[in-house]
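Coordinates in review
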Amino acid sequence: MDLRIFTEPQQGATYDTLLTVAKATEDLGFDAFFRSDHYLRMGSADGLPGPTDAWITLAGLARETKRIRLGTLMTAGTFRLPGVLAIQVAQVDQMSGGRVELGLGAGWFEDEHKAYGIPFPKEKFARLEEQLEIVTGLWSTEVGKTFSHDGKHYQLTDSPALPKPAQAKVPVLIGGHGATRTPRLAAQFADEFNIPFASVEDSERQFGRVRAAAEQAGRKGGDLVYSNALVACVGKDDGEVARRAAAIGREVDELKANGLAGSPAEVVDKIGRYEAIGASRIYLQFLDLADLDHLELISSQVQSQLS
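1. Side note on the packing of helix H10 (residues 264–276) against helix H11 (residues 292–306)
Helix-helix packing: each pair is described by the crossing angle between the helix axes and the interaxial distance. Where H10 contacts H11, the two axes come as close as 10 Å, and the packing angle between them is 40°. Considered as vectors, H10 and H11 are oriented oblique to each other. In this structure, H10 meets H11 at a crossing whose hand is right-handed. Here H10 contributes Pro-264, Val-267, Val-268 and Ile-271 to the contact with H11, which in turn contributes Leu-297, Gln-301, Val-302, Gln-305 and Leu-306. Of the residues assigned to the contact of H10 with H11, the class counts are seven nonpolar, two polar and no charged.

Structure representation (structure tokens):
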């Protein structure tokens, strides 16, 4: 079971804070550092000092880290033109020596689009499908040949399809709860399917849909990595769990029901339930970015039992 650290910088974080967390992620033996792609805070957080851009952040981290994988859960398809996104991700992959992964979603948070003047189209899913076709098509085009796309939403003519990522194949993550279109897209384009903030039962149901869609598309269901994203709130004792829950504005009982919360033993047991239904990777949503002791505890008393 791989454990990855997943941050939500729109809630309030500087680049320096993210760099500190990424370096701790690497030093403590976690597999990867991922971040959300949002420009506006959610809930009661103040969001100060303001948003950081996902791919600019990852470019910086690419030069400051050596081992961990770097990526997004999920890049918003509404934020960037697919040709530009393909260039950005390929460049960051080169800067990292081939450690980047692209999580790409349709985009959903209308308020942040209004706040920063970003168009919020009604038809987002069809756009996402074209974006995936374009990004993966540009990367897979042989050097010296060109790529063209004549779609409803995007048109590319004789693109040189450069630059290329350092990796022969940048892993693509697709995720969500949709029962039909999401599994179909994952089957067609994804190396990994991720379901965010879902119960064991709902995860098992959705993983089954994706496996079935993969087989219908001519792939083996086991060709994809299956993963979960879950909030983490771990403590040595009840008092520490309660303190960490309060720091992120959540209730312990709710976190235990919907996330990975409690003692290390409780969390290891719950991770085992996700592993039993096919998950091989967990993205730990780490919300209190100042609490590096939390990461150390998870590394020493949770991750150590899963290795």
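2. A closer look at the nonpolar core
Grouped together as the largest cluster of nonpolar side chains are 74 residues, with contacts concentrated most on Leu-3, Trp-55, Leu-284 and Val-302. Take this core: its biggest share by element is seven residues, from helix H5 (residues 125–140). The residues touching Leu-284, leaving out its near neighbours within four places in the chain, are Leu-3, Arg-4, Ile-5, Phe-6, Phe-30, Leu-230, Ala-232, Leu-260 and Ile-298. If you look at the next biggest cluster of nonpolar residues, it comprises seven residues, including Phe-6, Ala-32, Leu-173 and Tyr-283.

3. Things to note about helix H2 (residues 54–64)
Residues of H2 that are buried: Ala-54, Trp-55, Thr-57, Leu-58, Ala-59, Leu-61 and Ala-62. In the core, the buried residues of H2 are packed alongside helix H1 (15–27), strand E2 (32–35), strand E3 (69–72), strand E4 (75–76), helix H3 (82–96) and strand E5 (100–105). For H2, the N-terminal cap is Asp-53; the gap from its side-chain oxygen to the backbone nitrogen of Trp-55 is 3.1 Å.

4. Notes on the pattern of salt bridges
Within this structure, the stated rule accounts for 19 salt bridges. Of the charged contacts in the structure, one is a salt bridge between Asp-53 and Arg-80, with a shortest N-O distance of 3.1 Å. On the criterion of sequence distance, the pair formed by Asp-53 in the loop between E2 and H2 and Arg-80 in the loop between E4 and H3 is long-range, its members being 27 residues apart. A relative accessible area of 10% places Arg-80 in the buried class. For Lys-145, the salt bridge identified is with Glu-142, shortest N-O distance 3.7 Å. In this structure Lys-145 comes out as partly exposed when scored by relative accessible area, which is 47%.

5. Let's talk about the environment of Ala-179
The topology assignment puts Ala-179 in the loop between strand E8 (172–175) and helix H6 (181–189). Classification of Ala-179 by relative accessible area gives partly exposed; the value is 43%. When the C-alpha atoms of Ala-179 and Arg-209 are compared, they prove to be 7.1 Å apart, with 30 residues separating the residues in sequence. Not counting residues within four places of it along the chain, the set of residues in contact with Ala-179 comprises Gln-206 and Arg-209.

6. Here we look at the packing of aromatic side chains
With the rule as written, the count across this model stands at six aromatic pairs. Here the aromatic rings of Tyr-39 and Phe-79 are separated by 4.6 Å at their centres, their planes lie at 20°, and the arrangement is stacked. Residue Tyr-39 is located in the loop between E2 and H2, and its partner Phe-79 is located in the loop between E4 and H3; the two are separated by 40 residues in the primary sequence. Neither residue differs from the other here; Tyr-39 and Phe-79 are each classed as buried. Through successive ring pairs, a cluster of aromatic residues spans Tyr-39, Phe-79 and Tyr-116.

Conventions adopted
- Residues numbered from 1 in each chain as written.
- Predicted model: local features only at pLDDT ≥ 70, side-chain atom pairs only at ≥ 80, totals over all residues.
- Heavy atoms only, no water.
- Axes fitted to C-alpha atoms, helices over the stretch in contact; angles between N-to-C directions.
- Helix = DSSP H or I, 4+ residues; strand = E, 2+ residues; numbered from the N terminus.
- Parallel < 35°, antiparallel > 145°, perpendicular 65-115°, else oblique.
- Left-handed = near helix turned anticlockwise from the far one by under 90°.
- Contact = heavy atoms within 4.5 Å.
- Nonpolar A, V, L, I, M, F, W, Y, C, P; charged D, E, K, R; others polar.
- Core = buried A, V, L, I, M, F, W, Y, C linked by side-chain atoms within 4.5 Å.
- Buried < 20%, exposed > 50% of the residue type's maximum accessible area, 1.4 Å probe, protein only.
- Polar contact = N/O pair within 3.5 Å; in protein donor to acceptor, adjacent residues only side chain to side chain.
- Salt bridge = Lys/Arg side-chain N within 4 Å of Asp/Glu carboxyl O.
- Phe/Tyr/Trp six-rings, centres within 6.5 Å; stacked < 30°, edge-to-face > 60°.

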